[in-house]
Amino acid sequence: EKDGHDWFMRKEIFEQPESVAAALLGRHTERGQLMLDEVRIDDEALRDIDRIIVVGCGTAAYAGQVAKYAIEHWTRIPVEVELAHEFRYRDPILTRNTLVVAISQSGETADTLMAIRHARAQRAKVLAICNTNGATIPRESDAVIYTHAGPEIGVASTKGFLTQMVACYLLGLYLAQLRGTKFGDEIAAVVRDLDRIPAQVQQVLDGAQQVYDLAQELLDAKVVLFLGRHAGYPVAMEGALKLKELAYIHAEGFAAGELKHGPIALIEPGLPVFCVVPPRGRDQLHDKMVSAIQEIRARGARTIVLAEAGDTTVADVADELIELPQVPVLLQPLVATVPLQLFACELATLMGHDVDQPRNLAKSVTVE
Ligand code: M6R
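Everything numeric in this text was worked out from a predicted model, so none of it was measured. All residue numbers here refer to positions counted from 1 along the written sequence of the relevant chain. At least 70 in pLDDT is required for a residue's local features to be given in this predicted model, at least 80 for side-chain atom pairs to be given and counted, and no such filter applies to totals for whole chains, interfaces and linings, which use all residues. Calculation of side-chain values draws on the structure's entire complement of heavy atoms; hydrogens and water are dropped beforehand.

Q: Just checking my understanding: could you explain the overall build of the protein chain for this structure?
A: Assigned secondary structure in the protein chain consists of 13 helices and 10 strands. For a compact globule the rule gives 2.2 Å times the number of residues to the power 0.38, and the radius of gyration it is set against comes from C-alpha atoms. Taking 2.2 N^0.38 as the reference for a compact globule, 368 residues should give roughly 21 Å; the C-alpha atoms of the protein chain span a radius of gyration of 20 Å, in line with that estimate. For the protein chain, the spread of C-alpha atoms along the principal axes amounts to about 55 × 45 × 40 Å. Burial analysis of the protein chain (368 residues in total) assigns 59% to the buried set. Considering only contacts in the protein chain between residues 6 or more positions apart, those separated by 24 or more positions represent 75%. Elements are defined by DSSP. Helices are runs of H or I of four residues or more, strands are runs of E of two residues or more, and each kind is numbered from the N terminus. Exposure is judged per residue with a 1.4 Å probe applied to protein chains only, and the accessible area is read against the type maximum: over 50% gives exposed, under 20% gives buried, and values in between give partly exposed. Contacts between residues were defined by any pair of non-hydrogen atoms, one from each residue, lying within 4.5 Å.

Q: How should I be thinking about the pattern of salt bridges in this particular structure?
A: It is possible for side chains of opposite charge to pair when their charged atoms get near one another. By definition, a salt bridge exists where a carboxyl oxygen of Asp or Glu is found within 4 Å of a side-chain nitrogen of Lys or Arg. Per the counting criterion, the structure on display carries 22 salt bridges. Two residues, Arg51 and Glu80, come together in a salt bridge whose shortest N-O distance is 2.9 Å. Of this pair, Arg51 sits in strand 1 (residues 51-56) while Glu80 sits in strand 2 (residues 79-83), and the two are 29 residues apart along the sequence. The buried category is assigned to Arg51, whose relative accessible area is 19%. The partly exposed category is assigned to Glu80, whose relative accessible area is 26%. Ionic pairing is found between Glu152 and Lys363, a salt bridge with its closest N-O pair at 2.7 Å.

Q: Which parts of the structure should I look at to understand the nonpolar core?
A: Taken as a class, soluble globular proteins show a tendency for nonpolar side chains to be buried jointly. Buried residues of nine kinds, namely Ala, Val, Leu, Ile, Met, Phe, Trp, Tyr and Cys, make up a nonpolar core once their side-chain atoms join them within 4.5 Å. By size, the foremost hydrophobic cluster in this structure holds 95 residues, and its most contacted members are Ile52 and Leu243. Counting residues per element, this core draws most heavily on helix 8 (residues 159-179), at 14 residues. For Ile52, the residues in contact, after removing those within four places along its chain, are Ile71, Ile77, Pro78, Val79, Glu80, Leu99, Val101 and Leu175.

Q: What is the right way to look at the sheet that holds strand 1 in this model?
A: Two orientations exist for strands paired in a sheet by backbone hydrogen bonds: parallel and antiparallel. The pairing criterion is simple: DSSP has to find at least two bridges between the two strands. Strand order in the open sheet made by the five strands is 2-1-3-4-5, with parallel pairing throughout. Each edge of the open sheet is held by one strand with a lone partner, namely strand 2 and strand 5 (143-146). Here the average twist between neighbouring strands, direction ignored, is 20°. Relative to strand 5, strand 4 (residues 125-130) runs parallel, the two being bridged by four bridges. Its bridge partner being in strand 5, Ala128 is matched across the sheet by Val144. Each axis is a line fitted through C-alpha atoms, taken for helices only over the stretch in contact, and angles between the N-to-C directions span 0 to 180 degrees. Lying over the sheet, helix 6 (residues 110-121) contacts strand 1, strand 3 (98-104) and strand 4, oriented at roughly 165° with respect to strand 3.

This is the structure:
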């Protein structure tokens with residue numbers, strides 16, 4: 001049942017190329033035209049959406065943070081992301097032109113369910129992104145995009161996360177197509193990039209041994225930090241969450257720009273810091289990330305740098321370099337998350353923990 005793996009989690013990590021392919025299947029034509037037939041909100045109403053609020057908990061909320069970067073960029077619709085359990089208590093402003101996107105692997109998370117009930121009571125439209133057919137959250141939503149990752153058994157979400165991000169990208173591109181904020185050929189280009197992701201995730205998985213060796217070296221770590229920028233920032237937080245859940249060690253994800261506003265005080269000799277470097281591009285994101293890595297390294301941090309293959313600028317600042325396939329910055333979370341999942345799974349295994357059933361946690365949190 002675990003396909004020869006020791007844990008469901010590891011099996012599910014290694015299934016991700018197929019899961020991502022399944023999430024994309026049948027949702028665009030060869031020419032990159034998107035078709036999301038489970039979105040039962042008519043196109044007219046979708047054209048009128050003037051605000052999007054994404055709600056979810058834990059890993060699903062991080063998928064929402066990635067979605068914010070992509071959907072705002074492609075559609076120019078303002079997107080907010082909120083933890084589902086905080087959402088209704090702040091008395092959010094909702095109208096019939098607000099689209100609330102509820103992300104939930106299980107579709108049964110009570111906090112998220114309560115958030116969408118609140119949203120619908122205020123006449124907002126609700127679209128669920130869910131992995132479980134017929135679960136409560138999609139049943140109570142106006143529309144649903146199923147992620148088609150197949151059952152996720154391990155408590156730590158892995159293929160659920162990657163496919164949630166894929167669903168969010170598809171939603172963003174669909175809205176862009178509908179509203180004409182991007183030209184067809186630009187959308188088709190992103191769709192082509194998405195279609196390459198399964199093979200690129202496979203490449204990352206083929207390099208698992210490097211990550212496993214690293215876990216062995218870092219077995220005594222008491223604290224691990226993660227840094228990212230832009231879409232890499234939620235990846236950093238997701239990497240940290242995986243370590244907290246599975247290895248029970250203090251881990252934190254920071255936006256690299258925030259370092260000098262406080263967190264850099266945590267840096268001490270030998271402290272492991274994973275750094276997700278954005279692809280080289282026209283903006284300054286990449287270079288600023290590299291200088292942040294320089295700064296922490298000068299203070300003794302042990303830097304584990306995730307950067308795209310061929311990026312020679314990181315060689316001098318990386319104690320360990322994990323090469324990622326070349327993908328556009330908005331899609332980078334799909335490949336950059338994978339080594340962090342492998343690391344947490346392996347470290348927890350070496351520590352002797354139950355990876356599939358970490359202490360104090362349940363797969364689906366059905367109480368508020
Ligand atoms: O089923 P959901 O996606 O609604 O679950 C949300 C969170 O409880 C979940 O992602 C949790 O954070 C995972 N254990 C993370 O690995």
